[in-house]
Amino acid sequence: MPPVFAHGRLRLYLLKLLDEAPRHGYEVIRLLEERFQGLYAPSAGTVYPRLSKLEAEGLVTHATEGGRKVYSITDAGRAELADRSGELADLELEIRDSVTELAAEIRSDVRGAAGDLRREMRAAASASATQVGEDDSWQAAKEELRKARQEWKEQARRAKDESRRAREEAQAARRQAREAQDRAREEVQRIAGQLQEQFAKSGGVLGSLAGAWLGGAQSPGAGAGAGADHPSDRPSDRASGWAADLSATGDPARDLDRLLDRFRDEVRDAARDHGVTAARVAEARDHLAAAAARLSATFGSRP
C-alpha cells in the first residue's frame, strides 16, 4: 500500500495528538494504530526520532514521569498547528476515508466467511438427513454459525462506530480550518487598513507610491509617465511560476490560504537557514508593508 502519511504529515498529526493531551511515546504509537483500525502501526523507530526533532525545534517539550518521557505541545507547536489547520483538515479526511475502506473490507470478509459456513452446514445437513435427530457435528455446525453471526455483528458495529467518529472529527477539523481562515482574513484586512491610513497621512513621495500600489484614481493623462504599466503589473512578472505546484481546489478562499501557508513556510525556512538580524527584520517589514498594501488593493478592487 502507498505511504499513509505524505512528507511532513506525520509531524503534523503528532502535534495534533499532543495538542489533545500530553502523551508518552508508546501511547502515541497505540493511538495511531487505533485511529487506523490496525491498518497502520508505526514503529518506535518512526515515532521517537520525530518527537525528538519536534522537541529540538521548540514545538514540544517533555517531562519524566515514572521513568518515561511524557511529551507536551508548546505555544510554538500550537501556532504551527493553527497555521496548518487547512492541511490538518485534509489529513483528517484522508484518515476517515482509510478507516471507511477498512470497515468495508471487514464487512466483506465476514459476510464471505458466514456464507461459506452456511454452505458447509447445508451440505452436512443433506448428508445426515436420513439420521434420526441431530448428531454432534450438526450441533457443532449450528454453534459455529451462531458465533460467526455474532462476530460479524460485533465487527460491523465497531466499524460503524469508528466511521461515525472519523466523520465527526473531520467535520470539526473543517470547522476549525474555516474559523482559522476567517481570523487570518480579518487580520490581513486590519493590517492592510492600518497601512493604507499611514500611507494616506504620509503624503509626498510615499503617498504617491501608495496611490500607485493601491490602484489610485489617477486619470490616464495625470502625472509623468501616466498610462505606463507598473513594473509588477507586467505579464512577465506575474507569470513567475511561484507556487505553480499548488493546483486550484475550486475554493478560492482555500486556495488563498494555501498560498499564504506556502509564503510563511518559505520565509521561515529562509530565516532559519540564514539567520535573523535587526537590519533584516527592518527590511522585511518594508517588504511586507508593500506586499500587504498591494494585496489589500487587489482584494478591494472590483472583480
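For the structure itself, look to the data block above.
To start, this report covers the structure provided alongside it. (Residues numbered from 1 in each chain as written. Predicted model: local features only at pLDDT ≥ 70, side-chain atom pairs only at ≥ 80, totals over all residues. Heavy atoms only, no water.)

One pass over the structure, following the stated rule, counts 23 salt bridges. We note a salt bridge from R157 to D161, for which the minimum N-O separation is 2.9 Å. With a gap of 4 residues between them, R157 and D161 both fall in helix α6 (residues 136-202), about one helical turn apart. Among the charged side chains, a network of salt bridges with common partners joins R11, E57, E80, R84 and E87. (Salt bridge = Lys/Arg side-chain N within 4 Å of Asp/Glu carboxyl O. Helix = DSSP H or I, 4+ residues; strand = E, 2+ residues; numbered from the N terminus.)

An order of β1-β3-β2 is seen for the 3 strands of this open sheet, with the pairing classed as antiparallel. In this open sheet, the two strands that pair with only one neighbour each are β1 (23-24) and β2 (60-65). Across 6 bridges, the pairing between β2 and strand β3 (residues 68-73) is antiparallel. If you follow T64 over to β3, its bridge partner there is K69. (Pairing = 2+ DSSP bridges.)

Next up on the list: helix α1 (residues 9-20). With 12 residues, α1 should reach 16 Å at 1.5 Å per residue; the first-to-last C-alpha distance of 17 Å fits that figure. When you tally the buried positions in α1, you get 9 out of 12 residues, the bulk of the element. Those residues of α1 that sit buried are R9, L10, L12, Y13, L14, L15, K16, L17 and L18. (Expected span 1.5 Å × (residues − 1). Buried < 20%, exposed > 50% of the residue type's maximum accessible area, 1.4 Å probe, protein only.)

Turning to the packing of α1 against helix α3 (residues 44-56), a few remarks are in order. At a minimum axis separation of 11 Å, α1 and α3 run at an interaxial angle of 75°. In terms of their interaxial angle, α1 and α3 are classed as roughly perpendicular. Counted together, L10, R11, L14, L15 and L18 of α1 and T46, V47, R50, L51 and L54 of α3 form the full contact between these two elements. (Axes fitted to C-alpha atoms, helices over the stretch in contact; angles between N-to-C directions. Parallel < 35°, antiparallel > 145°, perpendicular 65-115°, else oblique. Contact = heavy atoms within 4.5 Å.)

With that out of the way, let us pick up helix α4 (residues 75-83). For α4, the complete set of buried residues consists of G77, E80 and L81. When α4 is viewed along its axis, its buried side chains cluster within an angular range of 100° and face the same direction. (Arc of directions from axis to C-beta.)

Below, the discussion takes up a positive patch on the surface. A cluster of basic residues, R118, R122, R149 and K153, forms a positive patch at the surface. Among the secondary structure elements, those contributing two or more residues to the positive patch are α5 (85-127) and α6. You can see R122 is positioned in helix α5. (Patch = residues over 30% accessible without salt bridge, like charges linked within 9 Å, V, L, I, M, F, W, Y side chains within 5 Å. Areas by Shrake-Rupley, 256 points an atom, 1.4 Å probe, with all protein chains shown as cover. Lys, Arg positive; Asp, Glu negative; His and termini not counted. Charge placed at Lys NZ, Arg CZ, Asp CG, Glu CD.)

A word on the nonpolar core. Of all hydrophobic cores here, the largest spans 23 residues; its most connected members are Y13, L14, L15, L18, V28, L32 and V47. Here the element with the most residues in this core is α1; it accounts for 7 residues. Not counting the four nearest positions on each side in its chain, L14 is found in contact with V28, L32, V47, R50, L51 and L54. (Core = buried A, V, L, I, M, F, W, Y, C linked by side-chain atoms within 4.5 Å.)

Taken together, the 2 bridges between β1 and β3 define a ladder with antiparallel strand orientation. By the bridge assignment, H24 is partnered in β3 with V70.

The residue A243 is not glycine, and still its phi comes out positive at about 60°. Examined against the element boundaries, A243 turns out to sit in the loop between α8 (235-238) and α9 (252-274). On the accessibility criterion, A243 (10% relative accessible area) is buried.

Here the focus is a nonpolar patch on the surface. A cluster of nonpolar residues, W242, L259, F263, V267 and L288, forms a patch on the protein surface that exposes about 440 Å² of accessible area. If one sorts the elements of the nonpolar patch by residue count, α9 sits on top with 3 residues. You can call F263 partly exposed: its relative accessible area is 38%.

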